[in-house]
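Summary of the model geometry
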Amino acid sequence: VDAKIAGMIGHLNSGTTIPASKIYADANIGQITPSATNPAFTQQGFKTTFRLIADDVQQGKALADFAVNTLKAKKIAIIDDRTAYGQGLADEFEKAVKANGGEVVKREFTTDKATDFAAILTTLKGVSPDAVFYGGADAQSAPMAKQMKRLGLKAPLVSGEMTKTPTFLKLAGKEAEGSIASLAGLPLDQMPKGKDYETRYKARFNADVATYSPYGYDATRVVIEAMKKANSVEPAKYLPELAKIEYTGVTSSSWAYDDKGDLKDGGITVYKVENGEWKVMQTVGK
């Protein structure tokens, strides 16, 4: 804000994005997050907040639908890390499990710094869940997956996009097998311009496409488009254009915002670890 920026693309997670949003709102600076999914971000009544991916309500529902109806998991245990992201996703998942006729047999919590889950997992083993959901990131879900296997828990680990990472596969090793995670948005090869983006990204950076890179790219391009339509970089002039914009980008052939700043249509993809790789199981939405 002190640097007099015209717009903000960010932040990465809900725990940083939500508190920062008031600062941008007070300064009337447009903010688009390409990755924060907690619904509270766009429920504050600010006219400056926008999200470029589906939120935790959509993601929690997709994961719960998959767990109860595809995995046939009727008894589900839930753990979260008490962060805005982890707890928020776990809350939405729990609501959707119950709406689908599933039973939450245990709800536990840890922190986003923990690595030893033996006590929690031993408690869960006693209630024999069909699936264990974790709301949190790969630094915890990976050791959790390893410890679940070593304790003889047969239930698969189910988690969100902060688990659907190469880091999870590396840290969990062979114990990652069978784990399930969702990611807001479509797989890269199903995005309208995903293959072209991947080609250009690899040529430029000599690396695989980072998870949120296409969303950050689209977020940047859409702000620029709004500025062009307003013929101004001043937020007071381009924000009304951003609010009503219809845009075709890498991640979607047609997207627009509702009155809160959320996408009207957002896709969710569910993945499973098979032979050490994340494989697409199901895509819901656009």
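To start, this report covers the structure provided alongside it.

Conventions adopted
Along each chain, numbering runs from 1 in the same order as the chain's sequence is written. Restriction of local features to residues with pLDDT of at least 70 applies here, the model being predicted, together with a cutoff of 80 or more for giving and counting side-chain atom pairs; totals for whole chains, interfaces and linings are based on all residues. Side-chain calculation: all heavy atoms of the structure are included, whereas hydrogens and water are not. Three exposure classes are used, based on accessible area relative to the maximum for each residue type with a 1.4 Å probe and protein chains only: buried under 20%, partly exposed in between, and exposed over 50%. For the purposes of this entry, the term helix denotes a DSSP run of H or I that reaches at least four residues, the term strand denotes a run of E that reaches at least two, and both are numbered from the N terminus. Think of it this way: DSSP has to see at least two bridges between two strands before they count as a pair. Here the term right-handed applies to a crossover when the path leading from its first strand over the helix to its second strand runs clockwise, the strands being oriented away from the viewer. Axis definition: a line fitted to C-alpha atoms, limited for helices to the stretch in contact. Angles are taken between N-to-C directions and run from 0 to 180 degrees.

Before going further, it helps to examine the pairing of strand E4 (residues 75-80). Among the six residues of E4, five are classified as buried, and the element is accordingly described as predominantly covered. Of the strand pairs in this sheet, E4 and strand E5 (residues 103-109) are connected by six bridges, and their pairing is parallel. By the bridge assignment, Asp80 is partnered in E5 with Phe109. Viewed along the sheet, the connection from E4 through helix H3 (residues 84-99) into E5 turns out right-handed. Here five bridges tie E4 to strand E6 (residues 131-135), and the two strands are oriented parallel to one another. Bridging across to E6, Ile76 finds its partner in Ala131.

Moving on: the sheet that holds strand E3 (residues 49-51). With parallel pairing, the three strands of this open sheet are ordered in space as E1-E2-E3. Each end of this open sheet is capped by a strand with a single partner; those strands are strand E1 (7-9) and E3. Going across the sheet, the axis of each strand differs from the next one's by a mean of 15°, ignoring polarity. Where strand E2 (residues 30-33) lies against E3, three bridges are found, and the strand directions are parallel. Counted as the bridge partner of Ile32 is Phe50 from E3.

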